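# Tertiary structure, described
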Amino acid sequence: MEGGINSNNEKIFDVLIMGGLGHIGLPLGLIFAQKGLNVCLLDVDENKARLVLNGIMPFVEYDAEPVLKEVLQKGKLKISKNNEDIAKSKNIIITLGTDVDEYSNPQTKRLMDTIFGIKRYLDSSQTIIMRSTVYPTLCRQLSKKLEGINIAYCPERIVQGYAMKEIPQLPQIVSGFNEKAIRDATELFSRISPKIIETSVEEAELIKLFTNSWRYMQFAITNQFYTMATKIGCDYNRIRKAMADGYERIYSLPSAGFSGGPCLLKDTLQLKAFDNGNFLLGYSAMMVNESMPNFIVDEL
């Protein structure tokens, strides 16, 4: 972007993470800092900031606290609530949450407004890396509004609480709207991921949503089987174990239970809205999974 306020600013951070004290941003920042990068976590939550600065994780994230203490001691991690630090970073990673409203429609305005609000801190030497779950085609809308800014989309696919283990093991999807965005994102994530898979931006958006919806539907079928078995007094765990014994095609069937975390339901809802309500399998999965608490209560 021509004339950005930071065109002459020294880039003292390799990475700045917006929403950096959340479940996605904080473990990612710790892993980058452990690799020797200078990391800034941008967040307005002062309570979490105090805990993190004292070497205490503000939520359950296995194996994270020793790394947190290590990178604080080495001076590789800074916490800020000042947007001006955006101007001092080579790469800006967006990990802000995305919501759905009471009618199950994606709410993108808050995310878009936040990103547009930092435009004056950006210049053409930087790359914005979207890591938030987004409604399909949102990144392209964003790139049109932020003309001249390098934008990449690199979705996360970790299980909450296991980021420290999974990020170094999982391939990283990388996409972007120009060569610099793809190159910067590839160089950054190559430091922490074993493999980079390059796709188009729209493909990457769908990969993220399809991944979570697939898991959500897997949980739905096993929960449906569970309710069927329970209604006639059968032990579903015994049935599932017998089904899978020596029969590899059943190994992927998960055990029954609550589909925890907000992302699986939310991402299924995003696909439902994107397909104008025609995502019938996703809708059926919601009916099954979200009725499980009532079924358990009735059984008790």
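Described in the following lines is the structure provided in the data block. Treat the numbers as computed from the prediction; the structure is a model and nothing was measured.

Running from N to C, helix 4 (residues 109-117) and helix 5 (residues 138-145) point in directions that differ by 30°, and their axes come no closer than 11 Å. Relative to helix 5, the element helix 4 is oriented roughly parallel. Crossing of helix 4 against helix 5: the hand is right-handed. Along its contact with helix 4, which presents Met112, Ile115 and Phe116, the element helix 5 presents Leu138, Gln141, Leu142 and Lys145. Per-class residue counts for the contact of helix 4 with helix 5 are 5 nonpolar, 1 polar and 1 charged.

Before going further, it helps to spend a moment on the sheet that holds strand 1 (residues 13-18). What the 8 strands build is an open sheet, ordered 3-2-1-4-7-8-9-10; its pairing is mixed. Each end of this open sheet is capped by a strand with a single partner; those strands are strand 3 (77-80) and strand 10 (196-198). Across the sheet, the axes of successive neighbouring strands diverge by a mean angle of 25°, strand direction being ignored. With 4 bridges connecting them, strand 2 (residues 39-42) and strand 3 associate as parallel partners. If you follow Leu42 over to strand 3, its bridge partner there is Ser80.

Rules behind the numbers
- Residues numbered from 1 in each chain as written.
- Predicted model: local features only at pLDDT ≥ 70, side-chain atom pairs only at ≥ 80, totals over all residues.
- Heavy atoms only, no water.
- Axes fitted to C-alpha atoms, helices over the stretch in contact; angles between N-to-C directions.
- Helix = DSSP H or I, 4+ residues; strand = E, 2+ residues; numbered from the N terminus.
- Parallel < 35°, antiparallel > 145°, perpendicular 65-115°, else oblique.
- Left-handed = near helix turned anticlockwise from the far one by under 90°.
- Contact = heavy atoms within 4.5 Å.
- Nonpolar A, V, L, I, M, F, W, Y, C, P; charged D, E, K, R; others polar.
- Pairing = 2+ DSSP bridges.

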